[in-house]
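Remarks on the overall topology
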Amino acid sequence: MLDNTGHVEYRRDPALPATEERSYCGSGILKSLAVFVVAACLAIHGQLPPRQMADPAVAALGRGFVSDTAQVNGTTLHYVRGGAGPAILLLHGFPEDWYAYHRIMPQLAKQFTVVAIDLRGIGGSAPTAGGYDAANMAEDVHQLAEHLHLEHVYVVGHDIGGMVAYAFARRYPETSRGVMMLDAPLPGLGPWDAVRANPITWHISFQQTRGLPEQLLAGREAIYLRHFLDSSTFSDADVARYAKAYASPEHLRAALEIYRAFPANEKFNAAQLSTISVPLILAPGKNSPFVTLMPSYADALRTHGCANVEIEVIENSVHYVADEQPDAVAQLIKRHASL
């Protein structure tokens, strides 16, 4: 117990013989130590219970949503899961994380199993030394689906996530019932050079520069991300949340390495010529700078063997379509993921 000075004072229980009391105290200490060691081991190995209560954003999705991690493809992926039914995997773009889909996940969960994933090195997913090319991150997603015992999945990707979703369709066409790319250009295909030449994508070259962005952005993540996230759609709290997902030096480096892997993505995409029948949906925002390029992208995909390509333009939106028009995007996903 505590004495009046705040120090621990031990008092012997007169009901216990001295030898029994010593044994009791010793066993109590050992039990406490054992509990501490077990908890520490579980934390180290990522086996603690799902972390849904640690993030209020997960609780806000509604009952049945959980946050957890899985060891896949040499890394740890964080995901948020909810609902029941055919599986939909949601992949975010830059500069967001799984939370990019928080407005549409409750709608989709009414008839689907919904899994929103933090890409390798972002948010709750562990940074690694390499492996940030789209083909390898598609392997991350594939192994996570297997880990969760999800079959014949529908994959939705925005921006960078769209590049990963397309690589998933290429690598695992037999396990995908469809892919939707939300306002996502594809390196190495069709009008990619026009994408790179557009002043609005200046950040691609900047983030591919070795060493410099890490130094300039450290501690200024919120300022940088606010440049991309318009205040009419994203609150200061949203920006602060995303800034936290990219804030540590390792996570910031991971975000940059994803862009530095674009040349590998170009080579991978250009080399894919086999015929696949996976339904591919290109879904740009009506006011996006990419919308006029989508017919050329569709033609390039068909030339590269994609037999089932459609374009679905999302009205009254620009780039962050799931944030700007969540209801329209949810309905679009439902329509195609149900086929």
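Described in the following lines is the structure provided in the data block. (Residues numbered from 1 in each chain as written. Predicted model: local features only at pLDDT ≥ 70, side-chain atom pairs only at ≥ 80, totals over all residues. Heavy atoms only, no water.)

1. Digging into the overall build of the protein
A tally of helices and strands in the protein yields 15 helices and 8 strands. The contacts of the protein with a sequence gap of at least 6 include a subset with a gap of at least 24, amounting to 72%. Here the protein has roughly 15700 Å² of accessible surface; of this, 58% comes from carbon and sulfur atoms. (Helix = DSSP H or I, 4+ residues; strand = E, 2+ residues; numbered from the N terminus. Contact = heavy atoms within 4.5 Å. Areas by Shrake-Rupley, 256 points an atom, 1.4 Å probe, with all protein chains shown as cover.)

2. Thoughts on the pattern of salt bridges
Applying the stated rule across the entire model yields 10 salt bridges. Residue D323 is joined to R103 by a salt bridge in which the shortest nitrogen-to-oxygen separation is 3.1 Å. Note that D323 is positioned in helix α14 (residues 321-324) and R103 in the loop between β3 (87-91) and α3 (105-108), a separation of 220 residues in sequence. On the basis of relative accessible area, R103 is assigned to the partly exposed category, the value being 28%. For the salt bridge of D236 with R226, the shortest nitrogen-to-oxygen distance reads 2.8 Å. (Salt bridge = Lys/Arg side-chain N within 4 Å of Asp/Glu carboxyl O. Buried < 20%, exposed > 50% of the residue type's maximum accessible area, 1.4 Å probe, protein only.)

3. Some points on the packing of helix α9 (residues 221-228) against helix α10 (residues 236-245)
The axes of two packed helices give the description: the angle between them and the distance between them. Contact geometry for α9 and α10: axes closest at 9 Å, N-to-C directions at 120°. Compared by their axis directions, α9 and α10 come out oblique. Considering how the two elements wind past one another, α9 and α10 form a crossing that is right-handed. In contact with E221, A222, L225 and R226 of α9, α10 contributes D236, V239, Y242 and A243. Taken together, the residues of the contact of α9 with α10 sort by class into 5 nonpolar, no polar and 3 charged. (Axes fitted to C-alpha atoms, helices over the stretch in contact; angles between N-to-C directions. Parallel < 35°, antiparallel > 145°, perpendicular 65-115°, else oblique. Left-handed = near helix turned anticlockwise from the far one by under 90°. Nonpolar A, V, L, I, M, F, W, Y, C, P; charged D, E, K, R; others polar.)

4. A look at the sheet that holds strand β6 (residues 176-182)
Within a sheet, neighbouring strands are paired by backbone hydrogen bonds and run either parallel or antiparallel to one another. Taken in spatial order, the 8 strands make up an open sheet running β1-β2-β4-β3-β5-β6-β7-β8, and their pairing is mixed. The open sheet has two edge strands, β1 (66-72) and β8 (309-311), and neither has a second partner. Averaged over all pairs of adjacent strands, the angle between their axes in this sheet comes to 20°, without regard to strand direction. Pairing geometry for β3 and strand β4 (residues 113-117), over 5 bridges, is parallel. The partner of L89 across the bridge, within β4, is V115. Packing of helix α5 (residues 160-171) onto the sheet brings it into contact with β3, β5 (153-158), β6 and β7 (280-283), and relative to β5 it is tilted by some 150°. Helix α15 (residues 326-337) contacts β3, β5, β6, β7 and β8 of the sheet and is inclined by roughly 155° relative to β6. (Pairing = 2+ DSSP bridges.)

5. A look at the nonpolar core
M105 and L280 are the most contacted members of the largest nonpolar core, which totals 108 residues. Ranked by residue count, the leading element in this core is α5, at 8 residues. Setting aside its immediate chain neighbours within four residues, M105 contacts L61, F65, V80, L90, W98, V114 and A116. (Core = buried A, V, L, I, M, F, W, Y, C linked by side-chain atoms within 4.5 Å.)

6. Details of the environment of R170
With respect to the secondary-structure elements, R170 resides in helix α5. Classification of R170 by relative accessible area gives buried; the value is 7%. Placed 32 residues apart in sequence, R170 and A138 show a C-alpha to C-alpha distance of 9.3 Å. Not counting residues up to four positions away in its chain, the partners in contact with R170 are F268, Q272, L273, S274, I276, H304, G305 and C306.

7. Some remarks on helix α12 (residues 262-271)
The complete set of buried residues in α12 reads F262, N265, F268 and N269. Looking straight down α12, one finds its buried side chains confined to an arc of 115°; they lie on one side. Away from the buried face of α12 by more than 90 degrees, exposed residues K267 and A271 are located. On its buried side, α12 packs onto α4 (134-147), α5, α6 (192-197), α7 (202-208) and α11 (249-260). (Arc of directions from axis to C-beta.)

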